[in-house]
Amino acid sequence: SQQTTPVNEQHTNTADNPQPAAESATQTAEEGRWEATEVDEAALGDSAADKLGVRASDTFVLTPTPQPKDDFQEELVIRPLHSGDIYASFQFRTLWETDFMRENKVSHYRLFPKSLGQVISKFSVRELHISFTQGYWRTMQWGQPFLPSPPGAELWVWFQDSVTDVDAAWKELTNVLSGIFCASLNFIDSTNTVQPSASFKPLGIVNETDHRFLRYATLPREIVCTENLTPWKKLLPCGSKTVHIRPVCQDRECKTTSWELRQTLNVVFDLHTSGQGKREWSLFKMFSRTLTEACPLASSSKIYIDVTDNPQEEYFELSPATPLLSQAVVLGDRRTFSVYDLTQQVTFGTVRSLNPLIRWKSSEGNMLRPLLHAERYVAGYGLQTGEIHTVMYNNHPFRSFPVLLLDSVPWYLRLYIHTLTVTSKGKDNTPSYIHYQPSKDRMRPHLLEMLVQLPPHSVTEVTVQFERALLKWTEYTPDPNHGFYVGSSVISALVPSSVAMDTNITQEQPLFSSFFPCKEESSYFVRVYTEPLLVNLPTPDFSMPYNVICLTCTVVAVGYGSLYNLLTRSFQIEEPNPRLAKKIANFIRRIRGVPLLS
């Protein structure tokens, strides 16, 4: 997520090795004593060096050096899906009341990861959002996720207005993030980077919005694996897949601001294919462990289990039961959650372990269809021309609303923008805003943004034709016949809400319901990603160059080898042995009965 105020967000794994509280307190005390010692040393000079230990201790107790306020919260949200799957979302938030842009750079880090703090300071980052996704979120089966992201890797960054060369800072930042997260972000360059003109507004504190300082890029083929999760996990204060950094307000008047680092990890488990033969879920079955304690550094540590569709336990049974219930407005719908507060020892019971378990009783139930849904596909035949179709669904029965569509298409798909059509219910739907930036071969992609009004209960289709370019043989991937990926379309909209939204975002709200800022009670913000496209390009027969190379090398080796031997070989004339020749000749004569030579 992003905001004008600096904040960091990351999607991370659960913590395995929490830091002991006593150890943390000792470290804090030592750090405070060291700073107090520095103050005394500056005031007293070298003559009082023998008294520094006593004076430092006194100073620390009476007038401790003020430290920037920081806070860490963690949550796990469990949502049983109507498809029988389980949606688990880990939410971690680190708040730090500090200023990375000041002249005296921050040198002391407690909860906030130092690696990201240095990145914010060095590159003058205002907001940073990065996500890694394996697979595709099935919106019509699972509903909307708490925090959407496209398949592959996505990175978008707002820079401070003090940055003079945004492109150079963007290039260096992608290389640094590639090293931090062990990902292929270094493949982000000008050919897959765009500068949106209306999409991806800051999610933090917004003072001004100059899109010259915004950069957006995706790598739809990026594969997520353990080597990406491990560095993400290390960013957590208790041991450490999305990362978001933004500035946020500490109060309603926004007199004080903080940097927010949001790390989330979203997983969907398919328990039907586990072969267990029964429909039940538990924390141990999914993660091979139970909970025994909360992170000692966390001010809040809770587990939320969505029981909105199970008020009388007619669909599933939850154990151990918890008396704590919480309601929150999530994506325009009021949801009810059973809450386990891990900071309370009574939660773990006498066995000092917590293993929530769900047993399904019935598979019936109606899922609330998402009001906004989108999909995309490629049409056409042959390897010369084609057509991209983007289909957007407004499932609201009587409300229309505008959506902002962003498409970034690689340069080797040459769009015919005059063929762009937008239709709704069989009629032309003229966009109220269109921004198009044509591509340049091997330099930048196409960028298409448009604002379209979606009629109620309608299907809106956007089509544009394209022509496939013929690449140089060195520009093909190692598996060119697999095809080339085109990133997802991004659709942003304010969707009508069925309940009144809370416009006063406070820290007491659950983390999963407070990521996108809400300014209106009647609507909520949602971002939808379509599927990535897989497009085949004209591909030469790479075996023919191999055959030509083999034949050419053979001819050259034979021809040049023979000539080389003739030019470098030395010849010597050897006199024949007369005695041996005479003996052979006499032998032949004897056989033939001819007189022998003398």
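- As recorded by an unreviewed UniProt entry, the protein chain carries the name Phosphatidylinositol glycan anchor biosynthesis, class T and is attributed to Nothobranchius rachovii.

Comments concerning the nonpolar core
Then, in step 1: By size, the foremost hydrophobic cluster in this structure holds 68 residues, and its most contacted members are Phe112, Leu128, Phe159, Leu173 and Leu185.
Then, in step 2: Per element, the largest residue contribution to this core is seven residues, and it comes from helix 5 (residues 166-181).
Then, in step 3: Mapped onto the domain boundaries, this core takes at least three residues apiece from domain 1 (67-85 + 270-364) and domain 2 (94-263).
Then, in step 4: The contact partners of Phe159, leaving out residues within four places of it in the chain, are Phe123, Ser124, Val125, Arg126, Val166, Ala169, Trp170, Leu173, Phe213 and Arg215.
Then, in step 5: Val329, Phe401, Leu448 and Met450 belong to the second-largest nonpolar core, a separate cluster that totals 21 residues.

Side note on a nonpolar patch on the surface
Then, in step 1: On the surface, Leu580, Ile584, Phe587, Ile588 and Ile591 cluster together into a nonpolar patch covering about 510 Å² of accessible area.
Then, in step 2: What makes Leu580 partly exposed here is its relative accessible area of 49%.

Concerning the pairing of strand 13 (residues 325-330)
Then, in step 1: Sheet analysis places strand 13 next to strand 14 (residues 333-341), joined by six bridges and oriented antiparallel. Residue Val330 lies in a different strand from strand 14, and its bridge partner there is Asp333.
Then, in step 2: Taking the residues between adjacent antiparallel strands as the criterion, strand 13 and strand 14 are bridged by two residues, where Leu331 takes a positive phi near 55°.

Looking at the sheet that holds strand 26 (residues 523-529)
Then, in step 1: Across the sheet, five strands lie side by side as 21-22-18-25-26; this open sheet has antiparallel pairing. The open sheet has two edge strands, strand 21 (433-437) and strand 26, and neither has a second partner. This sheet shows a mean twist of 15° between the axes of neighbouring strands, independent of strand direction.
Then, in step 2: Where strand 21 and strand 22 (residues 446-454) come together, five bridges link them in antiparallel fashion. The residue of strand 22 that forms the bridge with Tyr433 is Leu451.

A word on the pattern of salt bridges
Then, in step 1: Taken as a whole and judged by the stated rule, the model has 14 salt bridges.
Then, in step 2: Two residues, Arg262 and Glu260, come together in a salt bridge whose shortest N-O distance is 3.4 Å.
Then, in step 3: Taken together, the salt bridges that share partners define one network made up of Arg93, Arg246, Glu260 and Arg262.

Points about the packing of aromatic side chains
Then, in step 1: If you walk through the whole model with that rule in mind, you get 23 aromatic pairs.
Then, in step 2: For the ring pair Phe132 and Phe181, a centre distance of 6.1 Å and an interplane angle of 50° mean the geometry is tilted. One end of the pair, Phe132, is in strand 4 (residues 125-133); the other, Phe181, is in helix 5, with 49 residues separating them in the sequence.
Then, in step 3: A residue is classified by how much of its surface remains accessible, and Phe132, at 7% relative accessible area, is buried.
Then, in step 4: Residue Phe181 is classed as buried on the basis of its relative accessible area, which comes to 1%.
Then, in step 5: Each member of the aromatic cluster is reached from another via a ring pair, and the members are Tyr87, Trp137, Trp142, Phe146, Tyr304, Phe337 and Phe512.

Thoughts on unusual backbone geometry
Backbone phi values are negative for most residues with the exception of glycine, while trans is the configuration of most peptide bonds.
Then, in step 1: Cis rather than trans, the peptide bond between Ser319 and Pro320 has omega equal to -5°.
Then, in step 2: Of note, Pro320 is situated in the loop between strand 12 (316-319) and strand 13.
Then, in step 3: Here the phi dihedral of Ser288 falls at roughly 60°; this positive angle occurs in a residue that is not glycine.
Then, in step 4: Mapped onto the elements, Ser288 comes out in the loop between helix 7 (283-287) and strand 11 (300-306).
Then, in step 5: Here Ser288 falls in the exposed class, since its relative accessible area comes to 58%.
Then, in step 6: With phi around 65°, Arg442 is a residue other than glycine that occupies positive phi space.
Then, in step 7: Relative to the assigned elements, Arg442 resides in the loop between strand 21 and strand 22.
Then, in step 8: You can call Arg442 partly exposed: its relative accessible area is 33%.

The rules we used
Residues numbered from 1 in each chain as written. Predicted model: local features only at pLDDT ≥ 70, side-chain atom pairs only at ≥ 80, totals over all residues. Heavy atoms only, no water. Core = buried A, V, L, I, M, F, W, Y, C linked by side-chain atoms within 4.5 Å. Buried < 20%, exposed > 50% of the residue type's maximum accessible area, 1.4 Å probe, protein only. Helix = DSSP H or I, 4+ residues; strand = E, 2+ residues; numbered from the N terminus. Domains from an automatic or database assignment. Contact = heavy atoms within 4.5 Å. Patch = residues over 30% accessible without salt bridge, like charges linked within 9 Å, V, L, I, M, F, W, Y side chains within 5 Å. Areas by Shrake-Rupley, 256 points an atom, 1.4 Å probe, with all protein chains shown as cover. Salt bridge = Lys/Arg side-chain N within 4 Å of Asp/Glu carboxyl O. Pairing = 2+ DSSP bridges. Axes fitted to C-alpha atoms, helices over the stretch in contact; angles between N-to-C directions. Phe/Tyr/Trp six-rings, centres within 6.5 Å; stacked < 30°, edge-to-face > 60°.

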